[in-house]
Amino acid sequence: MIFERNFIILKLKTVHFKGGVFLINHQEFVVQTIKHPLEPLTAEEIKAAVTILKDEKKIGDHVRFITVTLKEPAKKTVLNFKPGDPIEREAFIILLDNKEEKTYEAVVSITKGQMLSFEYIPNVQPSIIPEEFEECERVVKNNPEFQEGLRKRGITDFDLVMVDPWSAGYYGIEADEGKRLARAISWVRKFPNDNGYAYPLTGLVAYVDLNKMEVLRVEDHGVRDMPTTDGNYIPELSDSITLRDDLKPLEIIQPEGPSFEIDGHYIKWQKWHIRFGFTPREGLVLYTIGYEDKGKIRPILYRASLSEMVVPYGDASIAHRTQNAFDAGEYGLGRLANSLELGCDCLGEIRYFDAVLADAKGNVRIIPNAICLHEEDYGVGWKHTDWRTGHVETRRSRRLVLSFWATVGNYDYGFFYYFYQDGTIEVEVKLTGELNTGTFDETGKSKYGTEIAPKLNAAYHQHFFNFRFDMMLDGLKNSVVEVNTVPEKRGQENPYNNAFYTETTTFKTEQEAQRNLKLETARYWKIINPNSLNAVGQPVGYKIMPGENCLPFAYDDSSLLKRAGFLKHHLHVTKYDEKERFAAGPYPNQNKGGDGLPKYVSQNRNIENEDIVVWYTMGHHHITRTEDWPVMPTAYINFQLKPVGFFDRNPALDVPRPISKNHTC
Ligand code: CU
């Protein structure tokens with residue numbers, strides 16, 4: 001039935017329209033306006049998609065809904081979209097049948113009210129969802145063998161035991177083939193609000209079949225010495241914390257409100273035009289980012305998100321050797337998002353957005369205030385003092401911040417996207433929370449970790465983040481160049497041996513574009529549009545401005561690098577393919593390896609002057625410190641996409657002088 005343009009239109013044999021609501025099988029769906037094809041699914045759309053699928057496939061209680069997300073329309077459809085055009089709404093759904101032990105992908109047209117496809121995906125394990133976390137902890141704690149292990153360690157109150165299910169990875173264990181697995185490791189609290197990570201039950205490991213939700217086996221590698229000092233960071237719970245009393249209030253006030261305008265998930269701020277969404281796997285997704293210049297909106301990015309993150313541990317001991325968490329693909333960062341608190345997580349004039357997701361049953365699950373949007377003062381944007389005349393011109397820099405926080409077991413991660421008035425985009429990950437702790441074997445020390453408190457070990461590890469940027473600088477056809485700085489050769493042309501210049505190479509194929517940073521040549525990569533030239537005849541460009549980075553220390557034939565081959569290179573460039581979305585492939589959980597970027601670039605497609613995707617990996621090398629305990633001070637890792645020849649002059653020239661009641665600049 002066609003109701004009206006831009007409205008959710010539901011077609012089902014049993015659909016009835018009754019005064020403002022649709023009824024599908026006697027359930028109500030409120031009609032809601034959708035203004036753009038990339039708006040995330042609304043709660044009503046999720047309900048409708050799940051109902052349509054359940055109705056069509058007679059889905060029973062043994063089937064879990066892993067994800068229900070917007071099936072993004074084709075790029076061409078989005079780019080040709082004009083306000084008022086009809087919008088086709090489709091949902092992409094991943095299902096896990098616990099009884100059949102099978103994974104399915106379905107596409108449902110919400111607009112047409114029908115299922116479009118339903119496909120069995122063999123040999124994959126979708127990500128572990130929060131419901132499985134909770135059930136896994138319960139079955140492990142109820143297991144007699146595990147309980148025996150606890151008793152051996154003098155633990156009788158099982159309610160105080162914390163069981164963290166870790167993704168099992170893939171280590172070729174025959175008995176585990178084809179099973180949906182979690183490797184559960186444990187800690188114990190002394191009282192309910194205690195920081196249990198102070199007391200690890202290292203060596204007691206339970207393997208859980210998550211389909212059958214039963215313990216497969218319990219390994220007990222022996223009782224170890226338990227640390228004796230607490231790890232409490234809640235002031236009320238710790239005698240060792242005396243709160244400082246010399247901190248005066250710092251208020252951020254915007255008396256006239258923020259400078260941005262919002263329409264659904266579209267933001268207009270300081271010449272930036274930004275659209276965003278939120279998925280259970282990636283969390284924040286940015287779409288169709290453009291900047292107003294010379295009277296038009298110039299496109300920069302079509303889509304940007306965190307495609308994967310991996311936390312490999314470098315500890316060879318029996319307790320830690322399989323710890324490699326793929327937090328996006330194995331757990332899902334969006335579904336682990338926090339509800340943010342004003343004045344705590346975000347300071348100032350804040351606009352929050354809810355994350356609208358589905359739970360395991362397919363019911364709508366809303367995380368209130370999951371996404372935070374605000375403006376921040378960021379020091380001096382530009383200034384100059386004319387020392388002859390004494391004239392000073394100074395501008396404050398202001399940035400727009402779009403962010404969310406996710407808690408993945410012991411760690412907490414903040415994912416921040418910053419937009420600056422000078423055309424720069426910055427991506428920052430903030431790492432805090434609890435270290436993954438263990439105890440020492442009989443030697444009382446470890447080569448692979450730091451003793452962060454008496455008898456408490458924190459294994460060395462790394463955090464890698466891969467960001468996928470579907471670029472479109474002034475159009476879809478872009479190229480990527482590598483710029484290396486080299487010293488001029490000695491001789492008459494270089495009389496003082498200090499001259500240097502840049503050498504630029506354009507990548508032609510995907511294989512060529514697997515590259516690493518190089519300090520010796522101050523290497524960087526620049527995305528350019530060879531078809532769009534600036535005022536001085538150069539192709540317009542944006543460079544990737546690296547921040548902290550590192551490389552993995554695992555060998556190429558390790559399970560880690562087979563499964564996360566993308567870690568070997570900081571840069572990959574691929575020709576756009578809508579199916580190539582994740583650096584370690586769509587189903588990294590228990591994957592044997594070979595999927596993701598190494599597979600994508602094995603096609604060795606042409607990437608010069610093509611519709612391309614740029615993938616940047618950054619790594620935080622974490623040699624653990626005593627200061628990271630009992631809660632880790634936030635570590636920041638970031639990089640920028642910075643205009644290089646994209647604008648003809650400083651795009652922030654037109655920022656007005658700072659306005660304040662108390663002073664003028
Ligand atoms: Cu760390």
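Numbers given to residues run from 1 along each chain, matching the order in which its sequence is written. Where local features are concerned, this predicted model is filtered to residues with pLDDT of at least 70; where side-chain atom pairs are given and counted, the filter is 80 or more; whole-chain, interface and lining totals use all residues. Here the side-chain values reflect all heavy atoms present in the structure, with hydrogen atoms and water set aside.

**Quick word on the overall build of the chain**
Moving on, step 1. Every helix listed is a DSSP run of H or I at least four residues long, and every strand listed is a run of E at least two residues long, numbered separately from the N terminus. Counting secondary structure elements, the chain contains seven helices and 33 strands.
Moving on, step 2. Between the two quantities, the radius of gyration covers C-alpha atoms and the globule rule is 2.2 Å times the number of residues to the power 0.38. The C-alpha atoms of the chain give 27 Å as radius of gyration, which agrees with the globular expectation for 665 residues (26 Å, within 12%).
Moving on, step 3. By principal-axis analysis of the C-alpha atoms, the chain measures approximately 80 × 75 × 55 Å.
Moving on, step 4. Buried, partly exposed and exposed residues are distinguished by accessible area as a fraction of the type maximum, computed with a 1.4 Å probe on protein chains only: under 20%, between the cut-offs, and over 50%, respectively. For the chain, the proportion of its 665 residues judged to be buried stands at 55%.
Moving on, step 5. All accessible-area figures derive from a Shrake-Rupley calculation using a 1.4 Å probe, and residue coverage is judged against the displayed protein chains alone. Surface summary for the chain: the accessible area is close to 30500 Å², and the carbon and sulfur share equals 50%.
Moving on, step 6. Lys and Arg are tallied as positive, Asp and Glu as negative. Neither His nor the chain termini are counted. For this purpose, a charge sits on NZ of Lys, CZ of Arg, CG of Asp or CD of Glu. For the chain, the separation between the mean place of its 80 positive charges and that of its 93 negative charges on side chains is 4 Å.

**Quick look at the sheet that holds strand β11 (residues 214-220)**
Moving on, step 1. For two strands to be treated as a pair, DSSP must find no fewer than two bridges joining them. Here four strands make up an open sheet; going across it, the order is β8-β9-β10-β11 and the pairing antiparallel. The two strands at the open ends of the sheet, each matched to only one other strand, are β8 (161-167) and β11. Sheet twist, expressed as the average angle between the axes of neighbouring strands with direction ignored, equals 30°.
Moving on, step 2. The pairing of strand β10 (residues 200-209) with β11 spans six bridges and is antiparallel. Within the sheet, the bridge partner assigned to Y207 lies in β11 and is R217.
Moving on, step 3. In this analysis, two residues are considered to be in contact whenever any of their non-hydrogen atoms come within 4.5 Å of each other. Helix axes are fitted only over the stretch in contact, all axes being lines through C-alpha atoms; the angle between N-to-C directions runs from 0 to 180 degrees. Helix-sheet contacts for helix α4 (residues 144-152) involve β8, β9 (181-188), β10 and β11, and the interaxial angle to β10 is about 175°.

**Thoughts on the environment of Q640**
Moving on, step 1. By the element assignment, Q640 lies in strand β33 (residues 632-643).
Moving on, step 2. Once residues within four sequence positions are removed from consideration, Q640 is found in contact with T424, I425, E426, K543, I544 and M545.

**What to know about the nonpolar core**
Moving on, step 1. Within this scheme, the nonpolar core is defined by two criteria: the residues are buried Ala, Val, Leu, Ile, Met, Phe, Trp, Tyr or Cys, and they are joined through side-chain atoms within 4.5 Å. Residues W272, Y413, F419, F465 and F467 are the most contacted members of the largest nonpolar core, which totals 109 residues.
Moving on, step 2. In this structure, A49, A91, L95 and A358 belong to the second largest nonpolar core, which totals 21 residues.

**A few points about helix α3 (residues 130-142)**
Moving on, step 1. Multiplying 1.5 Å by the residue count of a helix minus one yields the expected span of that helix. A rise of 1.5 Å per residue sets the reference length of α3, with its 13 residues, at 18 Å; its end C-alpha atoms lie 19 Å apart and thus fit the reference within 8%.
Moving on, step 2. Within α3, burial applies to P130, E132, C136, V140 and K141. Down the axis of α3, the buried set is contained in an arc of 160°. They therefore lie on one face. What points out from α3, more than 90 degrees from its buried face, is the exposed set E134, R138 and N142. Directions pointing from the helix axis toward each C-beta atom define the arc.

**Concerning the coordination of the copper ion**
Moving on, step 1. Water is not part of the atom set, so a site may look incomplete; the donors themselves are N, O and S atoms within 2.8 Å of the metal, or 3.2 Å for Na, K and Ca. Looking at the metal site, the copper ion is ligated by Y411 (OH), H461 (NE2), H463 (NE2) and H622 (ND1), spaced 1.9 to 2.0 Å from it.
Moving on, step 2. A site with four donors is called tetrahedral when every donor-metal-donor angle falls between 85 and 135 degrees; four donors are called square planar, and six octahedral, when opposite donors sit more than 155 degrees apart and all other angles fall between 65 and 115; any other arrangement is irregular. For the copper ion, the four donor atoms in the first shell make angles of 98 to 139° at the metal, a pattern classed as irregular.
Moving on, step 3. Counting gaps between the donor residues of the copper ion yields the pattern Y-x49-H-x1-H-x158-H. Of this pair, H463 sits in strand β26 (residues 461-471) while H622 sits in strand β32 (residues 610-622), placing them 159 residues apart in sequence. The pair H463 / H622 is uniform in exposure class, with both members buried.

**Brief notes about the pairing of β9**
Moving on, step 1. Of all eight residues that make up β9, eight are buried, and the element is covered over most of its length.
Moving on, step 2. Burial along β9 is two-sided: the face carrying L181, R183, I185 and W187 and the face carrying A182, A184, S186 and V188 are both buried.
Moving on, step 3. Bridging between β9 and β10 involves six bridges; their strand directions are antiparallel. Bridging from a neighbouring strand, A184 pairs with A206 of β10.

**Some thoughts on unusual backbone geometry**
Moving on, step 1. Following W629, the chain continues to P630 via a peptide bond in cis, the omega torsion being 5°.
Moving on, step 2. On the secondary structure map, P630 appears in the loop between β32 and β33.
Moving on, step 3. You will see that K58, though not glycine, has its phi angle at about 50°, which is positive.
Moving on, step 4. Within the fold, K58 resides in the loop between α1 (43-57) and β4 (63-70).
Moving on, step 5. Of the residues examined, K58 reaches a relative accessible area of 64% and is grouped as exposed.
Moving on, step 6. The backbone of Q590 sits at a positive phi, close to 60°, despite the residue not being glycine.
Moving on, step 7. According to the relative accessible area criterion, Q590 is buried, its value standing at 13%.

**Notes on α1**
Moving on, step 1. Taking 1.5 Å per residue as the helical rise, α1 with its 15 residues ought to reach 21 Å, and the 21 Å between its terminal C-alpha atoms agrees with that figure.
Moving on, step 2. Every buried residue of α1 is accounted for by A43, E44, E45, I46, A48, A49, V50, T51, I52 and L53.
Moving on, step 3. Of the residues trailing α1, K58 is marked for its positive phi of about 50°.

**Things to note about the pattern of salt bridges**
Moving on, step 1. What counts as a salt bridge is simple: a side-chain nitrogen of Lys or Arg found within 4 Å of a carboxyl oxygen of Asp or Glu. Applying the stated rule across the entire model yields 44 salt bridges.
Moving on, step 2. E148 serves as the salt-bridge partner of R151, at 3.5 Å between the closest nitrogen and oxygen. Here R151 pairs with E148, and both are found in helix α4, just three residues apart, close to one helical turn.
Moving on, step 3. According to the relative accessible area criterion, R151 is partly exposed, its value standing at 44%.
Moving on, step 4. Put simply, E330 and R563 hold a salt bridge, and the shortest N to O gap is 2.8 Å. Placement of E330 in helix α5 (residues 327-331) and of R563 in helix α6 (residues 559-563) is noted, with a sequence separation of 233 residues between them.
Moving on, step 5. Linked by salt bridges that have partners in common, R64, E132, E135 and R180 make up one network.

**Describing the environment of R649**
Moving on, step 1. As for its position among the elements, R649 is in the segment after β33.
Moving on, step 2. The exposed category is assigned to R649, whose relative accessible area is 64%.
Moving on, step 3. Remark: the alpha-carbon pair of R649 and N534, spanning 115 residues in sequence, is separated by 9.9 Å.

**Remarks on the packing of aromatic side chains**
Moving on, step 1. Think of it this way: a Phe, Tyr or Trp ring, Trp meaning its six-membered ring, pairs with another when their centres are within 6.5 Å, and the plane angle makes it stacked under 30 degrees, edge-to-face over 60, tilted otherwise. For the structure on display, the rule yields 26 aromatic pairs.
Moving on, step 2. Ring geometry for W272 versus F419: centroids 5.2 Å apart, planes at 65°, classification edge-to-face. Linking W272 in strand β14 (residues 272-279) with F419 in strand β21 (residues 411-420), this pair joins segments that are 147 residues apart in sequence. The residues W272 and F419 share a single accessibility class, namely buried.
Moving on, step 3. With a centroid separation of 4.6 Å and 55° between ring planes, the pair formed by Y616 and F639 is classed as tilted. Taken as a pair, Y616 in strand β32 and F639 in strand β33 lie far apart in primary sequence, 23 residues in all. No difference in accessibility class separates Y616 from F639, as the two residues are buried.
Moving on, step 4. An aromatic cluster of three or more residues is present, and its members are W272, Y291, F419, Y542, F646 and F647.

**Focus on a nonpolar patch on the surface**
Moving on, step 1. Two distance rules govern patches: like charges are joined within 9 Å, and nonpolar side chains (Val, Leu, Ile, Met, Phe, Trp, Tyr) within 5 Å, applied only to residues with over 30% relative accessible area and no salt bridge. Residues F191, Y233, I234, L237 and V631 make up a contiguous nonpolar surface patch of roughly 360 Å² in combined accessible area.
Moving on, step 2. By the element assignment, Y233 lies in the loop between β11 and β12 (261-263).
Moving on, step 3. Of the residues examined, Y233 reaches a relative accessible area of 40% and is grouped as partly exposed.

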